[in-house]
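# Overview (structure and organization)
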Amino acid sequence: MNRKYIPEEVELKWEEYWAKAGLFNCDVSDKNKFYCLEMFPYPSGRIHMGHVRNYAIGDVIARYKRMRGYNVLHPMGWDAFGLPAENAAIKEGTHPAKWTYDNIAYMKKQLVRLGLSYDWRREITTCAPEYYKWNQWFFLRMLERGLAYRKSSFVNWCPSCATVLANEQVIDGRCWRCDSVVVQKELEQWFLKITEYEEELLQATGGLKGWPENVILMQKNWLGKSEGLEAFFKIEGSDDPVLIFTTRADTLYGATFVCLAPGHPLAEKLVEDRAALEKIKEHYGKLDEKHGLFTGHYAINPANGGRIPVYIANFVLMEYGTGAIMSVPAHDQRDYEFAQKYNLPIRTVIRPEEGPAPPERAFEEDGVLVDSGSFSGMKSAVARTEIAKLLESKGIGKRVVNYRLRDWGISRQRYWGTPIPVIYCEKCGVVPVPEKDLPVILPEDVKLTGKGGSPLAETGSFVKTACPKCGGPARRETDTMDTFMDSSWYFIRYCSKKDEDALDRENVKYFMSVDQYVGGVEHAVLHLLYSRFFTRVVRDLGITDVSEPFTNLLTQGMVCMETYKCPEHGWLYPSQVKEGRCELCGSPVEKGRTEKMSKSKRNIIDPDHLITRYGADTARLFSLFAAPPERDLEWNEKGVEGAYRFIQRLWTLVHANLEKLNSVKGSPEGVTPLIRKTHQTIKRVTRDIEKDYHFNTAIAAMMELVNMTGAFEPKAEAEWREMRFALEELLLLLSPFCPHAAEELWQAMGNESSIQSIPWPGYNEEAAREEEVELVVQVNGKVRARLMVPQGLPDEELKRRAMNEPKVLELTSGKKIRNTFTVRGRLVNIVIA
RNA sequence: GCGAGAGUGGCGGAACUGGCAGACGCGCUGGACUUAGGAUCCAGUGGGGAAACCUGUAGGGGUUCAAAUCCCCUCUCUCGCACCA
């Protein structure tokens, strides 16, 4: 009996079955839970291959853990606020809400079509008031605790779009949308005090055992802890001293000038030439040449009383340290360059412990102090402490710890985001919206011009309100929240179903934290750091006991593909290449390098096409087979066909033998080669999943078993039982990877219940062990013979047999045997003179 | 510049604690079946050589009975940070 494999038929059938049966619904129970989460997508329109890969990885884990008996929470939702919806609205005239919800509807269908095992009852959409209400609620709690505050600061401003850009929207100093040069602009904004948790966030990285090293490192770098000294330098003719920060107190005697950031308050006081100061400000924060402006004032080096000039310098950052530095050109390359340009003295105070100092540049390493008064002769490390102590005792210095991390600016001059729940009253000032009035609904009737400024500010009905305190006229905050706020706690929202309290303690307690988080490494810092911060705030609000949101993190690599370029028409889609020539003009196509799939390079494969042609199981299988998850994956059409062929071979194997297979029942007896291979396969697949989720090798193992089963020609009834055993175990192993085909074949083989309800197969160590092993015989480390020997022979016997090999006898005759080594009963190395 | 990771057949990738390099898949070659095949099946496939054998994991050196794996140097690529004082 042969039946053709028609993926669509099989897959739709089972997707419908799973949905009806509610197989993936998960509720609080007394079973052990496993929270498996993939980063939720931005509803941009359609899913791309990166999603397919991300969600295939997560789904295998979820399905595997379910078979292992865990109560698996596996939810999905939509990161639905953000600029693209607003851009589309401006360009096409559709409302952001409609655009977003239409996209969600389409993408949800795509995800269902991939056979992903989500509990859709828990689906969240961040642009829905019932979700963003809680953003506002958290904001108010933070406001109460002083964790949310308002301050004026420099932000990235795109003059052409007339809006603030997030750091990540500035690419090489330019706007990601219109390519204009981004400038720094001072604006009053809302901030969240992530710095309150900086030390805890840093310390806790030590406990992130399930995170990739590189992500931990990136987090540490981002936090950027450094220990140093803050010291006051007096300024001649001024009552205000300048406070500088340095990590190199040992170089204090070498400080020959002082630099202030252009935005430093003292800069305004000391500089008379306003125009010159403005000019320096224009160069602030840019990686071009160093620019300085002499203030005309001198500071006193507290170490040696030296009179040193005070400069304004574009390269000194206001946001880091104190916004002022002591400059030591002999031992800091930046100061060195500045000193060269402005002809300032260079004073060497550190010598290398060995060898000469480098010529024509600063010596930045630790060394031994010279020309440093009583500190001369000390090593840098010691001198740092001693000099700091001296300044401390004089009351003009303090040892401090500095972080690179800055507070998180969350105000956005955009429409499509969560309204910040604050009201400004002329009499009462800043008044939080009372909790009973939440959510502050984002009005639908808004003009989106793209001309910039906050669209809400133009919406009178939204802005005008009454002060909750005094009832007088007041206006609402018109900025909205950074969308990273939405994603900083969505994993907590999933713990409760739609109609339940978002912060139900019992739910949160049972499900948090996320046992396995899967997503792209591009969020290594931002989203993951914000989430770690937010979870601690939630903890301190008494809602959860956990501090870390994600116990284990898997960062999957990018999906890449070859690029094609026509000399005439530029980048081509793969479908536009016909026999190596451009479809449009017939010129030969240049093969470009393999790069991350992107619309701009046109090296993309549409998941819809892929699924129509090969089915979801093939799409999943190839995504998982072509590379281990953490590495980049190179998309390859031929490879996809290979995956398809594998499923088809298995399909044919089952169907061609169905009658016989279904006529035998019961377990096979004894350990035959096929039974052994089956046990070995279970062992390998289990190990590969457990250890690092290396699905590619797990799939390879299953392919081997299929190959062996295909070559097996059963005759006796016992042999048919063997084959049935091999195939059934295989289907169980395959079911997390290719769930549709596994279900269908499982059912075809006469099983009543869904394969989803069968536990993960176990293996017998004894049955998995080979009876015979191939003994490799080396002479002087080179393989000279191979022979089959029974498992478990003593070393002496192995050596004896090895020595008797003709080839070995030939090579060793008349030679003295110096030594022999035996390795785990599998290899003998004979060392001769 | 600093930090991290990676370089293995024609390609994607395997190789558990140093112990048979190249599992599995793609491609390629030959064959079978076919009106045909870009379907399916079988066999072969790192390079050199008729063979014995030699050689081979970016390049060079070292440790070891034994190195893709450990150590040192060099090169290349990817990613992250980048005037953080």
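Structural data are supplied above this passage.
All figures in this text were calculated on a predicted structure; none of them were measured in a lab.

## Considerations on the protein's contact with RNA strand B
By nearness alone, 53 residues border RNA strand B, and Thr247, Lys286, Arg334, Arg786 and Lys807 come closest of all. Those atoms of RNA strand B that come within 4 Å of the protein belong to sugar or phosphate at a rate of 63%. Within the backbone of Phe315, one N or O atom sits 3.3 Å away from a base nitrogen of RNA strand B. Ranked by residues supplied to the surface near RNA strand B, first place goes to helix α22 (residues 695–711) with six residues. Its residues assigned to classes, the surface near RNA strand B comprises 20 nonpolar, 11 polar and 22 charged.

## Some words on the pattern of salt bridges
Summed over the entire model, instances satisfying the criterion amount to 63 salt bridges. In this structure, Arg150 and Glu188 form a salt bridge, with 3.6 Å as the shortest nitrogen-oxygen distance. Here Glu188 lies in strand β9 (residues 183–192) and Arg150 lies in strand β5 (residues 148–158), a separation of 38 residues in the sequence. The partner of Glu477 in a salt bridge is Arg150, and the shortest N-O contact between them spans 3.5 Å. One end of the pair, Glu477, is in the loop between β24 (473–476) and β25 (480–481); the other, Arg150, is in strand β5, with 327 residues separating them in the sequence. With relative accessibility at 29%, the residue Arg150 sits in the partly exposed group. Put simply, Glu200, Arg532, Arg536, Arg539, Asp540 and Glu548 are held in one network by salt bridges that share partners.

## Remarks on the pairing of strand β27 (residues 553–556)
Burial along β27 is two-sided: the face carrying Leu553 and Thr555 and the face carrying Leu554 and Gln556 are both buried. Here four bridges tie strand β26 (residues 516–520) to β27, and the two strands are oriented parallel to one another. Residue pairing for β27: Gly519 is matched across the bridge by Thr555. Between the parallel pair β26 and β27, the chain is carried across by helix α16 (residues 526–540), and the sense of this crossover is right-handed.

## Things to note about the sheet that holds strand β1 (residues 33–38)
Here four strands make up an open sheet; going across it, the order is β2-β1-β26-β27 and the pairing parallel. Only two strands of the sheet have a single neighbouring strand rather than two, namely β2 (71–73) and β27. For this sheet, the mean angle separating the axes of adjacent strands, direction not counted, is 20 degrees.

The rules behind each value
- Residues numbered from 1 in each chain as written.
- Chains lettered and ligands numbered in written order.
- Predicted model: local features only at pLDDT ≥ 70, side-chain atom pairs only at ≥ 80, totals over all residues.
- Heavy atoms only, no water.
- Near = heavy atom within 4 Å.
- Polar contact = N/O pair within 3.5 Å; in protein donor to acceptor, adjacent residues only side chain to side chain.
- Helix = DSSP H or I, 4+ residues; strand = E, 2+ residues; numbered from the N terminus.
- Nonpolar A, V, L, I, M, F, W, Y, C, P; charged D, E, K, R; others polar.
- Salt bridge = Lys/Arg side-chain N within 4 Å of Asp/Glu carboxyl O.
- Buried < 20%, exposed > 50% of the residue type's maximum accessible area, 1.4 Å probe, protein only.
- Pairing = 2+ DSSP bridges.
- Right-handed = clockwise from strand over helix to strand, strands pointing away.
- Axes fitted to C-alpha atoms, helices over the stretch in contact; angles between N-to-C directions.

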